Amino acid sequence: DFSKAMSQAGTSQFQEVIRQELEYSMKVELDKILATAHTNELEHTKKDLEGFKKLFHRFLQEKGPSVDWGKIQRPPEDSIQPYEKIKARGLPDNIASVLNKLVVVKLNGGLGTSMGCKGPKSLIGVRNENTFLDLTVQQIEHLNKSYNTDVPLVLMNSFNTDDDTKKILQKYSHSRVKIYTFNQSRYPRINKETLLPIAKDVSYSGENTECWYPPGHGDIYASFYNSGLLDNLIGEGKEYIFVSNIDNLGATVDLYILNHLMNPPNGKRCEFVMEVTNKTRADVKGGTLTQYENKLRLVEIAQVPKAHVDEFKSVSKFKIFNTNNLWIALSAIKRLQEKNAIDMEIIVNPKTLDGGLNVIQLETAVGAAIKSFENSLGINVPRSRFLPVKTTSDLLLVMSNLYSLNAGSLTMSEKREFPTVPLVKLGSSFTKVQDYLRRFESIPDMLELDHLTVSGDVTFGKNVSLKGTVIIIANHGDRIDIPAGAVLENKIVSGNLRILDH
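The name an unreviewed UniProt entry gives the protein is UTP--glucose-1-phosphate uridylyltransferase, with Centropus unirufus as the organism. The Function (unreviewed entry) comment attached to the protein in UniProt states, word for word, "UTP--glucose-1-phosphate uridylyltransferase catalyzing the conversion of glucose-1-phosphate into UDP-glucose, a crucial precursor for the production of glycogen."

Following this line, the structure appears as structure tokens:
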């Protein structure tokens, strides 16, 4: 046993030496990169690289999934409240004064590449020519006009989206919404083998675009604080931010949740509220809220030991998942940021660059910080508050008559008899937005649709109606044109169906 203990001590000592060497090599490389910065970019590059250094240090310390599965417990009953209970409290007469304490923050760092678009995802048209950003501005403007309030919009951009977003903001200069932006950090991608940065200097254009990345939305706390905007908003009397992904069209300001935060029934304010919703089979990979060491904690699939992944995905054991709609107290962000006390698990995101080089990105997720805040709460909200548009299949749903648009907000049509969303799977011919748009002369009537699968070279004429389960499969080399006015109810269409004009 003594020799075993000695060899273990030797191993950990050896690992410690390697860790120190890696940290030293990283520091040398980062100093070289910093030395290439111009005076005007020196300050923020320094802050970015300092933040990255801390993250890299933690990455070297932590090994394997960061949760001890045995310690995971179901959250206590009162730690996740049903939305109905929050709504039942009603609204106070002075809802305007409550709204004036709110700031809406949208996570706007993503590009539209997964849908074949260049530039920020928020500038993709989703409904009647309106982009994600247009709808967001319309929603907040409607609030400000209805209640005579001053709720500002803050966009967290990344270096990928900042220029294009700022250009477009001029079009809202006459709208009744103050819009602010700040940038999330810019971190260097590291070579998977050497664990050193692949960037040689600070530039991020041309051939250097692949050397840098925005480090996930968990970066919001540090970059919001560093931008000075956090202090300015606190100075203006703002108390809470409502944070959500800009591509979640269900994430509108909810007055009942806001009232619950500002006027808590027990007199004790929550510093952090996470909206969760019930899992369906489509959401088995979503992060879930658990009780862990007497704190609410978000557990993501990447943190789960391999042996327990199936259990994690089970809809019966973990019934809810995180929508990434979060309500957070500004004063708490400031306090924790100044104490360096925001603890978020590191997500290691492997990527292969165009030239075949394997790199890793170290990221964090905004919701993972829930355990660092006092008096956190989950609220189980209706599914309608989670309407993300990640693919053209999602886009088809939000463009269709399943939803009606009012003041920037989408609501499920009253003509749909049941409130669930149809399952839509469009094949690879529809992946890019421009291909998708070319294949629909008009968006089909989908009010009575349960399930749609389309594969291969398929086009839809005007005024097509889809009901029940519809499966359309064009074999390789064949093409199927669904004729104008066709009604497909519980149909499988396959083979080669071409309708030609005479």
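After that view of the structure, there is still more to cover.
J.: When you look at the sheet that holds strand S21 (residues 445-455) in this model, what are you seeing that I'm missing?
T.: One key point about sheets: their strands pair by backbone hydrogen bonds, in either a parallel or an antiparallel sense. A sheet is described by the order of its strands in space; here 4 strands give the open sequence S20-S21-S23-S25, paired in parallel fashion. One side of each edge strand has no neighbouring strand; the edge strands of this open sheet are strand S20 (423-426) and strand S25 (487-495). In this sheet, adjacent strand axes meet at a mean angle of 15° when their direction is disregarded. Where S20 meets S21, 4 bridges bridge the pair, whose relative direction is parallel.

J.: Explanation requested: the sheet that holds strand S15 (residues 347-352) in the structure shown.
T.: As summarised here, the arrangement of the 3 strands in space is S8-S16-S15, forming an open sheet in which the pairing is antiparallel. The open sheet has two edge strands with one neighbour each: strand S8 (190-191) and S15. Examined bridge by bridge, S15 and strand S16 (residues 358-363) share 6 bridges and lie antiparallel to one another. Directly across from threonine 352, in S16, lies its bridge partner asparagine 358. With respect to the sheet, helix H2 (residues 39-61) is in contact with S8, S15 and S16, its orientation differing from that of S16 by roughly 105°.

J.: Hey, could you run me through the packing of aromatic side chains in this one?
T.: In this description, an aromatic ring pair is defined by two values, namely the gap between the centres and the angle between the planes. Under the criterion given, the structure shown has 15 aromatic pairs. Centroid distance tryptophan 69 to phenylalanine 318: 6.0 Å. Interplanar angle 75°. Geometry classified as edge-to-face. Taken together, the residues tryptophan 69 in the loop between H2 and strand S1 (80-82) and phenylalanine 318 in the loop between helix H10 (309-313) and strand S14 (320-329) connect sequence positions 249 residues apart. A relative accessible area of 12% places tryptophan 69 in the buried class. Given a relative accessible area of 6%, phenylalanine 318 falls into the buried group. Consider the rings of phenylalanine 182 and phenylalanine 224, whose centres lie 5.0 Å apart with planes at 15°: the pair is stacked.

J.: Honestly, the domain arrangement of the protein in this entry has me stumped. Any pointers?
T.: Many authors give the size of an interface as the accessible area that is lost as the parts come together. Domain boundaries in the protein define domain 1 (1-61), domain 2 (69-385) and domain 3 (392-494). Each of domain 2 and domain 3 has a C-alpha centre, and these two points are 30 Å apart. Residue-level contacts link 16 residues of domain 2 with 16 residues of domain 3. Both sides together, the interface formed by domain 2 and domain 3 hides about 1,200 Å², and carbon and sulfur atoms give 63% of it. Linking domain 2 to domain 3 there are 0 salt bridges. In this structure, the connection of domain 2 to domain 3 is made through 5 residue pairs in polar contact (both at pLDDT 80 or more). Looking at the side of domain 2 that touches domain 3, the elements with two or more residues in it are strand S3 (125-127) and helix H5 (132-147). By residue number, the principal contributor to the side of domain 2 that touches domain 3 is H5, which donates 4 residues. When the residues that make up the side of domain 2 that touches domain 3 are grouped by side-chain class, the tally is 6 nonpolar, 9 polar and 1 charged.

J.: Would you mind going over the pattern of salt bridges with me for this structure?
T.: A pair can form between side chains of opposite charge whenever their charged atoms are brought close. Applying the stated rule across the entire model yields 26 salt bridges. A salt bridge links aspartate 162 to lysine 166, with the shortest nitrogen-to-oxygen separation between them at 3.1 Å. In this pair, aspartate 162 and lysine 166 both sit in helix H6 (residues 162-169), 4 residues apart, roughly one turn of the helix. On the basis of relative accessibility, which here comes to 10%, the residue aspartate 162 falls in the buried class. One salt bridge connects glutamate 448 with lysine 467, and the closest N-O pair in it is separated by 3.8 Å.

J.: What should I look at first to understand the UniProt feature "binding site: UTP" (unreviewed entry) in the protein in this one?
T.: Mapped onto the present numbering, the UniProt feature "binding site: UTP" (unreviewed entry) falls at Lys121, Gln184, Gly216, Asp247 and Lys390. Considering the arrangement of structural elements, one finds aspartate 247 in the loop between strand S10 (240-245) and helix H9 (255-262). Ignoring anything within four residues of it in the chain, the contact list for aspartate 247 reads Lys121, Phe132, Leu387, Pro388, Val389 and Lys390. Residue placement: lysine 390 occurs in the loop between strand S17 (377-380) and helix H12 (392-399). Here aspartate 247 takes part through its side chain, which lies 2.9 Å from a polar atom of the side chain of lysine 390.

J.: What should I look at first to understand the UniProt feature "binding site: substrate" (unreviewed entry) in the protein in this one?
T.: Here, the residues flagged by UniProt with the feature "binding site: substrate" (unreviewed entry) are His217. The topology assignment puts histidine 217 in the loop between strand S9 (212-213) and helix H7 (220-226). Relative accessible area serves as the criterion here: at 26%, histidine 217 is assigned to the partly exposed category. The contacts of histidine 217, once residues within four sequence positions are left out, are Leu107, Met156, Asn245, Asn324, Thr364, Ala365 and Val366.

J.: What am I meant to see in helix H11 (residues 330-338) here?
T.: Along an α-helix, residues three or four positions apart point the same way, because every turn accommodates 3.6 residues. Those residues of H11 lying buried are Leu330, Ala332, Ile333, Leu336 and Gln337. Seen from one end, H11 has its buried residues packed into an arc of 160°, which puts them on one side. Buried-residue contacts for H11 involve H7, helix H8 (229-235), S10 and S14. Where H11 ends, the next residue or the one after it, asparagine 340, has phi of about 55°, a positive value.

J.: Is there a simple way to think about the pairing of strand S13 (residues 295-299) in this case?
T.: Each regular strand shows side chains that alternate between the opposite faces of the sheet. Among the 5 residues of S13, 4 are classified as buried, and the element is accordingly described as predominantly covered. The pairing of strand S12 (residues 288-292) with S13 spans 5 bridges and is classified as antiparallel. By the bridge assignment, tyrosine 292 is partnered in S13 with lysine 295. Where S12 hands over to S13, the hairpin turn is made up of 2 residues, of which glutamate 293 adopts a positive phi near 50°.

Basis of the calculations
Residues numbered from 1 in each chain as written. Predicted model: local features only at pLDDT ≥ 70, side-chain atom pairs only at ≥ 80, totals over all residues. Heavy atoms only, no water. UniProt positions renumbered as here; feature names shortened; annotations may be inferred. Pairing = 2+ DSSP bridges. Helix = DSSP H or I, 4+ residues; strand = E, 2+ residues; numbered from the N terminus. Axes fitted to C-alpha atoms, helices over the stretch in contact; angles between N-to-C directions. Contact = heavy atoms within 4.5 Å. Phe/Tyr/Trp six-rings, centres within 6.5 Å; stacked < 30°, edge-to-face > 60°. Buried < 20%, exposed > 50% of the residue type's maximum accessible area, 1.4 Å probe, protein only. Domains from an automatic or database assignment. Buried area = accessible area lost by both parts, 1.4 Å probe. Salt bridge = Lys/Arg side-chain N within 4 Å of Asp/Glu carboxyl O. Polar contact = N/O pair within 3.5 Å; in protein donor to acceptor, adjacent residues only side chain to side chain. Nonpolar A, V, L, I, M, F, W, Y, C, P; charged D, E, K, R; others polar. Arc of directions from axis to C-beta.

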